[in-house]
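The lines below spell out each chain.
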Amino acid sequence: MAASSIAARPGIVLEHRPWWRSRMTIVAAIVGAMVICHLTLSRTLSWPDSLVWHSLTHYLDNIQNWLAAESAKTDPNFAYRLIHWISSGLDALVRWLYHLLSSWLTWPGTTLLGGLLAWRFGGRRAAVIMVGSFASFAALGLWDDSMQTLALMLVAVALSLLVGVPLGIVAGRSDRFNGLITPVLDAMQIVPAFAYLMPVVIFFSVGPAAAVITTMVYSVPPAVRITALGIRSVPANTVEAALALGSTKRQLLWKVQLPLARRLLLLSVNQTILFALSMVVIAGLINTEGGLGAPVTNGLNSDPALAILAGVAIVVMAIALDRVTEAIAERTDTAKRHLDVAGRKRARLATGAVFLSIAVAAILGHLLSAGSAYTRWTAQDWLRTQVQNALDYVQKPTTFLFKDITNPVGNFLVAHMLQPLDTFLVETPWFITLAGLAAIAFVLSGLRPATTTILMFALIGAIGEWQDAMDTFSQVLVATAIAVAIGIVLGVLAAEIPWVSRAIRPVNDVLQTLPQLVYVIPFVYIFPISYVPGLIASVLYAFPVVVRLVERGVRDVAPETVEAAGAFGATRLQTLVKVKIPLARDAIMLGINQGIIMVLAVVVIAGLVGSGALGYAVAAGLQRGQFGIGVVASIAILAMGIALDRVTRGNRSAAKGGRS
Amino acid sequence: MRQSASSNGHRHSGPPLIKADGIWKIFGRNADKVVGTPDADLPRSELRAKTGCVAAVRDVSFDVYPGEVFVVMGLSGSGKSTLVRTLIRLIEPTAGRIELDGRDVTAASHDELLQLRRHTSSMVFQHFGLLAHRTVLDNVAFGLEVQGVSKAQRHARAGEVLKLVGLEDAASQFPSELSGGMQQRVGLARAFAVDPKVLLYDEPFSALDPLIRRDMQDEVIRLQEETGKTTVFITHDLPEALRLGDRIAIMRDGRIVQLGTPEELVGSPADEYVENFVRDIPRSHVLTLRWIMREARAGEEDGPRLDVATTVRNAVPVIASSERPCCAVDDGRIVGVVDKDAVLTAIAGEE
Ligand SMILES: Nc1ncnc2c1ncn2[C@@H]1O[C@H](COP(=O)(O)OP(=O)(O)O)[C@@H](O)[C@H]1O
Ligand SMILES: [Mg+2]
């Protein structure tokens, strides 16, 4: 073991290039050249109108019209009927589940259902968390919305697993299929949710079905990936032993691979739930039947305090489901729990008792006419007043917080970072910008990513989104720079100092379970300055990932290498700067890659709250039913996502290739 | 090099149970285009440089007779694991023919192959390959379970076999709760539970401590004596090979460089490679009287009698204390004589 890891390490040879050939210097030179062009050339050379494909919007509107026409016919064609069948089926499923939770079980029954199931499979702590979360939905006065969201999430999660787990099993057993599906999954996760809202709405119109599909696009990939990982993590010698005894493929799957992949399968359930929940708010935009997303989005302008309460409810739901599924995964591990015959019988009795008491609670609920949704004695009004007071305080121009912190910081960000960059990108002649970006992509990651960059940005220009895209792009760049800077500093500190790591972890956990838009809400009030809320929200959303990857990268540097550096008398700082950070380069690059994609996702969502640009076009398209416009902006977001991903990811593979 | 297994006195009952004839295994793209061309005879590294293929097993043939323990020995990477896996097509051989219990494995259909793996052979692995989510009892019963044997029956049988390996108290434990040696006992029990005709061991004790390894070898010898199973045993440890094997095949770079009884290997190594292996083995511990005896001359039949399979070491006290050359007998018949000179030469050859 030790021998192989020592043997593997010396392969890492850091590049030694003269300073004038270092990548950063070349990039700086390119940027310098772009600035010179920007200053000297005429400033009116934005993407030429003659190069824009104006009729695209028109064609897209036609698709919508075609669908509308088909729906009016008495005998619509097959494609329409299929879409309609899926859409109405999903609608019915979500509605049915909502009715089950709400009108049939009523709130006492539902609470008991959640609590007792958590108790039976996850233990006492899980039950307390579950009941606590239901109690807080009630206390927040958001019971009904919470049940809507819960129903939607359960359907989306169940379907994601239904689709994702079998695909993951196939991907786990076949390298070819794995190779085919991986880029598809990548694409599903790179594309900001905002970009596929429009197409989904066109095909499924607004309602639960569209919300389920939107959620699934995001929550199927983790189900597939983690399941495949689980199948692949089954030790090869165990598989071989089972085959040697004459197992068929099917016996191998059911008796060996699935049971041994159990932990990861349950993790895939857990992750699918969290991914699905992070889409609640966005799904709320296109689900007209209530849920926690609606108060968030509507409340942003009209009732911010309520929006924040709904945000809290979402967070509570996310944390509760996360902890409970984790507890269940832990407790039902057969290799850890020895159940004799009596124990098994007791467990079965307990399960029976659970369902009996749920039935009793539901019947009692009906008899005592407890009402389907909990409405009595909520703390909503009181909480709203408190939150509103806090918001008022934050926004009052005379307070210390506003006058001395948020206002100057916000203004600085806008005046000295966002605006100059935006002006630079928008007003530099388009061909200079395009050539400069491609050259940077080439220097950073090679020919193919550079080609992708040219194609994608040309596409953005051709569909007439150049200006908005440059706007969004400047926000993404600034936010990524800040997130990566914070992430690297904190990540390195966390890797070096144990208590920093301990302090950061829970913060990271919470930040990562929050749905994207929930971040934005508070900052709309705390930093009510043009693009700043979106900017800060995207930094907050992205930096935990950078921290985590950097921390792991720095930690994972081989102890032998660190020891050797110490033996040569390197100080701790020298070891860090000269050994650990350079060796953690791959992890840091991966952090930048993930960070930039997450920033893009939030920056476009922030279009909803006034960050303008591409996100605004999608939001406007949604709200006013201008589908063509929305879809065109979506395509631009998608193109930018692909370009950014390829350029930052290409760097990773280039770094690997250069070393081996 | 003396061939033929009959020279060690081991008696074959009937035709071979395992017949391997010209097996090749080449990993890599276009592997099937290498066999039969001059490329196939290139050294491994050259073949790899030229075609990108790795020749793991090259033109290997051998027969294993019922009740025999056939050991395959070689350095790591010499192709032993690949060879043993081709026998039940856990790895598809690139060329060659394999017969197991009279059936052609290479031509077997998917179902025939399953039946073969279920009823004819069993395998014990270096890293145990136990199912972490099942109790010891269910691990041992696994082979019967995939055959479709009812739960009560397979648990009864698994219990029996666990007793055989001395693990009856661990039946309800999980593999992770057992020591390495105990885990491999479970592996042994699992292999024996289906009562196979052929047992395949792939370096089963390499992952164990030396002391436990010795214990486990004793266990295998005991089980072998009790059940008389035909066995193919892979190892890279020569003492282990000599202890267990009726015949030993030594592999190098995918080929068998020598195949013979322990004393044939020790007494007349085929080349430097084998010689390096056997150099440190005390010859007198392995060579038997058969190896050093000469024709009996008239009048020599009255010396002390010793079985022809006695090792030189064990014969020394008798021969040393006798004035006359010692007679080697096989089945009550004198087949040769051994004098002090022969013994001294055999022992001297050790240095
Ligand atoms: N699946 C495989 N693909 C390519 N090469 C392999 C594969 N399995 C084994 N080899 C190669 O075949 C050779 C023999 O391997 P193996 O049979 O495992 O040797 P041993 O068991 O004697 O250590 C080695 O050089 C090994 O690298
Ligand atoms: Mg091996």
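We now turn to the structure provided with this report. Within any chain, residue numbers begin from 1 and follow the written order of that chain's sequence. Numbering of ligands from 1 and lettering of chains from A proceed in the order in which they are written. Since the coordinates come from a predicted model, pLDDT governs what is reported: local features require at least 70, and pairs of side-chain atoms require 80 or more to be given and counted, while whole-chain, interface and lining totals use all residues. Calculated side-chain values reflect all of the structure's heavy atoms, with hydrogen atoms and water omitted.

On to the state of the cysteines, then. By definition, disulfides here are pairs of cysteine sulfur atoms that lie within 2.5 Å. Counted by the stated rule, this structure contains 0 disulfides over all chains. Between C327(B), a free cysteine, and C326(B), which holds the nearest cysteine sulfur, the sulfur-to-sulfur gap is 6.5 Å.

Residue and element names in this part refer to chain B. By convention in these notes, a residue is near a molecule or strand provided one of its non-hydrogen atoms lies within 4 Å of it. As a structural note, the neighbourhood of ligand 1 is formed by F27, R44, V54, A56, L75, S76, G77, S78, G79, K80, S81 and T82. As used in this structure description, the phrase polar contact means that two N or O atoms lie within 3.5 Å; if the pair is within protein, one of them must be able to donate a hydrogen and the other to accept it, and residues adjacent in sequence are counted only when both atoms belong to side chains. Interatomic distance of 2.6 Å between a side-chain N/O atom of S81 and an oxygen atom of ligand 1. Taking T82, its side chain carries an N or O atom lying 2.5 Å from an oxygen atom of ligand 1. Accessible surface is estimated by sampling points in the Shrake-Rupley manner with a 1.4 Å probe; for residues, cover comes only from the protein chains shown. Isolated, ligand 1 exposes 560 Å² of accessible area, and the fraction of that covered by the protein chains is 60%.

In this section: a positive patch on the surface. Like charges within 9 Å and nonpolar side chains (Val, Leu, Ile, Met, Phe, Trp, Tyr) within 5 Å are joined into patches, using only residues over 30% in relative accessible area that form no salt bridge. Just to be clear on terms, a salt bridge is a Lys or Arg side-chain nitrogen sitting within 4 Å of an Asp or Glu carboxyl oxygen. Under the convention used here, Asp and Glu are negative, Lys and Arg are positive, and both His and the chain ends fall outside the count. Charged side chains are reduced to one point each, which is NZ for Lys, CZ for Arg, CG for Asp and CD for Glu. Taken together, the side chains of R344(A), K345(A), R348(A) and K151(B) make up a positively charged region of the molecular surface. Each helix is a run of H or I in the DSSP string that is no shorter than four residues. Each strand is a run of E no shorter than two, and both are numbered from the N terminus. Per-element accounting of the positive patch gives the leading share, 3 residues, to helix 17 (residues 341-367) of chain A. Structurally, K151(B) can be placed in helix 6 (residues 151-164). Exposure is judged per residue with a 1.4 Å probe applied to protein chains only, and the accessible area is read against the type maximum: over 50% gives exposed, under 20% gives buried, and values in between give partly exposed. Among the residues examined, K151(B) registers a relative accessible area of 53% and is labelled exposed.

On to the sheet that holds strand 12 (residues 326-330) of chain B, then. Residues and elements named next belong to chain B. Two strands pair if DSSP finds at least two bridges between them. Strand order across the open sheet formed by 3 strands is 11-12-13, with mixed pairing between neighbours. Edge positions in the sheet fall to strand 11 (305-307) and strand 13 (333-338), since each of these pairs with one other strand and no more. Within the sheet, the average angular offset between the axes of one strand and its neighbour, ignoring direction, is 40 degrees. Pairing geometry for strand 12 and strand 13, over 5 bridges, is antiparallel. Bridge assignment links C326 to a residue of strand 13, and that residue is V338. Only the stretch in contact is used when a helix axis is fitted, and all axes are lines through C-alpha atoms; the angle between N-to-C directions ranges over 0 to 180 degrees.

Glancing now at the environment of G180(B). Residues and elements named next belong to chain B. Here G180 lies in helix 7 (residues 180-193). For the pair G180 and S284, spaced 104 residues apart in sequence, the C-alpha separation works out to 34 Å. Ignoring any residue separated from it by four or fewer positions in sequence, one finds G180 in contact with F128 and L208. By the convention used here, residues are in contact when the closest approach between their heavy atoms is within 4.5 Å.

Facing 24 residues of chain B, the contacting portion of chain A comprises 19 residues. Taking both partners together, chain B and chain A bury about 2,000 Å²; carbon and sulfur atoms supply 63% of that area. Inspection of the chain B/chain A interface yields 2 salt bridges. In this structure, E240(A) and R85(B) form a salt bridge, with 2.3 Å as the shortest nitrogen-oxygen distance. Applying the counting criterion to the chain B and chain A interface returns 6 residue pairs in polar contact (both at pLDDT 80 or more). Elements supplying a minimum of two residues to the side of chain B that touches chain A: helix 3 (110-120), strand 6 (121-124) and helix 5 (142-147) of chain B. Top element by residues in the side of chain B that touches chain A is helix 5 of chain B. It accounts for 4 residues. Here the side of chain B that touches chain A is built from residues that sort into 11 nonpolar, 6 polar and 7 charged. Two parts placed together each lose some accessible area under a 1.4 Å probe, and the buried area is that loss summed for both. When residues are sorted by character, Ala, Val, Leu, Ile, Met, Phe, Trp, Tyr, Cys and Pro go into the nonpolar class, Asp, Glu, Lys and Arg into the charged class, and all the rest, Gly among them, into the polar class.

To continue, consider the side chain of N139(B). The topology assignment puts N139(B) in helix 4 (residues 136-140). With residues up to four places along the chain from it excluded, the contact list for N139(B) reads L130(B), L131(B), R134(B), P175(B), V186(B) and R190(B).

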